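Topology and contacts: notes
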Amino acid sequence: MMDSTSIEEKKDMLSLKIVLVGCSSVGKSALINQYINNKFLENQILTIGCDKFSKVEKIKNLDIKINLWDTAGQERFRSLSPMFLKGSNIVILVYDITNQFSFDELQKYWINVVKQNTQDIILGIAANKSDLYEEEKVDEEKGRKFAQENNGFFYSTSAKNYIVTQQLFINLAENYIEKYYKNEKNKSKLSFYKIKNNNNPKQQKKRCC
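So, here's what we can say about the structure. Predicted model, so just to flag it, every value in this text is computed and none were measured. (Residues numbered from 1 in each chain as written. Predicted model: local features only at pLDDT ≥ 70, side-chain atom pairs only at ≥ 80, totals over all residues. Heavy atoms only, no water.)

What follows is about the environment of Glu174. Within the secondary structure layout, Glu174 lies in helix H5 (residues 162–181). Using a relative accessible area of 28% as the deciding quantity, one classes Glu174 as partly exposed. (Helix = DSSP H or I, 4+ residues; strand = E, 2+ residues; numbered from the N terminus. Buried < 20%, exposed > 50% of the residue type's maximum accessible area, 1.4 Å probe, protein only.)

What follows is the structure in structure tokens.
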């Protein structure tokens with residue numbers, strides 16, 4: 001697992017864990033790379049196990065450390081999903097609009113894994129690769145209905161578009177803060193991240209898992 005972080009010295013801040021799950025090659029890594037680095041990689045390397053990336057945002061006047069967990073979609077890594085989902089605040093189910101199987105798997109497998117291994121989360125459904133609308137195999141209304149049935153938020157996304165990708169993560173974080181932070185009795189559900197002195201912030205990498 002790699003932790004890519006660039007953080008200035010700040011006070012304690014809220015920390016949110018956002019986990020992306022879904023089949024292989026639906027664009028989970030590409031969405032994260034666009035959000036973190038403002039770049040689209042045409043040939044993304046398949047994720048092995050899980051990668052972790054972090055970014056600090058100011059959301060609703062709060063300093064938030066966004067922790068993004070990029071999970072592998074290959075079947076041989078599915079047994080690890082419960083471990084990665086543990087303690088998550090936000091889960092994003094990603095499918096490829098040009099791949100019917102990727103959407104079917106959300107309904108048959110991934111949504112059940114999420115429900116069985118999380119609680120008190122905000123759920124997002126990302127219909128990714130929207131730029132390939134001419135090759136669409138999954139009608140947008142099906143994705144919206146799936147999100148509605150599972151009390152989730154639907155987003156039509158493209159990893160080629162930074163603004164759309166940023167809105168995906170920021171909007172879900174806003175919804176989480178709105179639901180839990182503003183309710184005093186639910187503040188215990190949020191975690192805080194203590195930032196140590198780092199006068200020369202630079203990219204850090206941590207290997208684990």
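Taken as a whole and assessed by the stated rule, the structure comprises six salt bridges. We note a salt bridge from Asp131 to Lys160, for which the minimum N-O separation is 3.5 Å. With a gap of 29 residues between them, Asp131 in the loop between strand E6 (122–128) and helix H4 (140–149) and Lys160 in the loop between strand E7 (153–156) and H5 connect regions that are remote in the sequence. A relative accessible area of 31% places Asp131 in the partly exposed class. Of the residues examined, Lys160 reaches a relative accessible area of 46% and is grouped as partly exposed. Between Glu140 and Arg144 there is a salt bridge, with its nearest N and O atoms 2.8 Å apart. Within this pair, Glu140 and its partner Arg144 are both found in helix H4, separated by four residues, close to a single helical turn. (Salt bridge = Lys/Arg side-chain N within 4 Å of Asp/Glu carboxyl O.)

Core analysis: the largest hydrophobic core is formed by 55 residues, its most contacted members being Ile66, Ile90, Ile92, Leu93, Tyr95 and Phe169. It is H5 that provides the largest number of residues to this core, a total of eight residues. Contact partners of Ile90, with chain neighbours within four places excluded, come to Leu16, Lys17, Ile18, Val19, Ile122, Leu172, Ala173 and Tyr176. (Core = buried A, V, L, I, M, F, W, Y, C linked by side-chain atoms within 4.5 Å. Contact = heavy atoms within 4.5 Å.)

Right, let's get into the packing of helix H3 (residues 100–117) against H4. Two elements in contact, H3 and H4, have axes whose closest approach is 11 Å; the angle formed by their N-to-C orientations is 15 degrees. Put simply, H3 runs roughly parallel to H4. Every pair of crossing elements has a handedness; the one defined by H3 and H4 is left-handed. Across the interface between the two elements, Phe103, Leu106, Gln107 and Ile111 from H3 touch Lys142, Gly143 and Phe146 from H4. (Axes fitted to C-alpha atoms, helices over the stretch in contact; angles between N-to-C directions. Parallel < 35°, antiparallel > 145°, perpendicular 65-115°, else oblique. Left-handed = near helix turned anticlockwise from the far one by under 90°.)

Take helix H1 (residues 28–37) next. Of all ten residues in H1, nine are buried; the element is thus mostly enclosed. Lys28, Ser29, Ala30, Leu31, Ile32, Asn33, Gln34, Tyr35 and Ile36 are the residues of H1 that are buried. Where H1 ends, the next residue or the one after it, Asn38, has phi of about 55 degrees, a positive value.

So, on to unusual backbone geometry. With a phi close to 55 degrees, Asn38 is a non-glycine residue in the positive phi region. Looking at the secondary structure, you find Asn38 in the loop between H1 and strand E3 (50–59). The backbone of Asp120 sits at a positive phi, close to 55 degrees, despite the residue not being glycine. We classify Asp120 as partly exposed; its relative accessible area is 37%.

Within the secondary structure, Phe154 is located in strand E7. Separated by 14 residues in sequence, Phe154 and Leu168 have C-alpha atoms that sit 9.2 Å apart. For Phe154, the contacting residues outside a window of four places in its chain are Tyr95, Ile125, Ala127, Glu140, Gly143, Arg144 and Ala147.

A few words on the pairing of strand E4 (residues 62–71). Most of E4 is tucked away, with ten of its ten residues classed as buried. Inspection of the sheet shows strand E2 (residues 13–21) paired to E4 by seven bridges, in the parallel sense. Bridged to Lys17 within E4 is Asn67. (Pairing = 2+ DSSP bridges.)

All right, on to H3 then. Given a rise of 1.5 Å per residue, 18 residues ought to cover 26 Å, and the 25 Å separating the end C-alpha atoms of H3 matches this to within 8%. The largest bend along H3 reaches roughly 50 degrees and is located at Leu106. All of the buried residues in H3 are Ser102, Phe103, Glu105, Leu106, Trp110, Ile111, Val113 and Val114. The elements touched by buried residues of H3 are E2, helix H2 (81–85), strand E5 (90–96), E6 and H4. The opening residue of H3, the one whose side-chain oxygen lies 3.0 Å from the backbone nitrogen of Phe101, is Asn99. (Expected span 1.5 Å × (residues − 1). Bend = angle between axes of the 7 residues up to and from the residue. Polar contact = N/O pair within 3.5 Å; in protein donor to acceptor, adjacent residues only side chain to side chain.)

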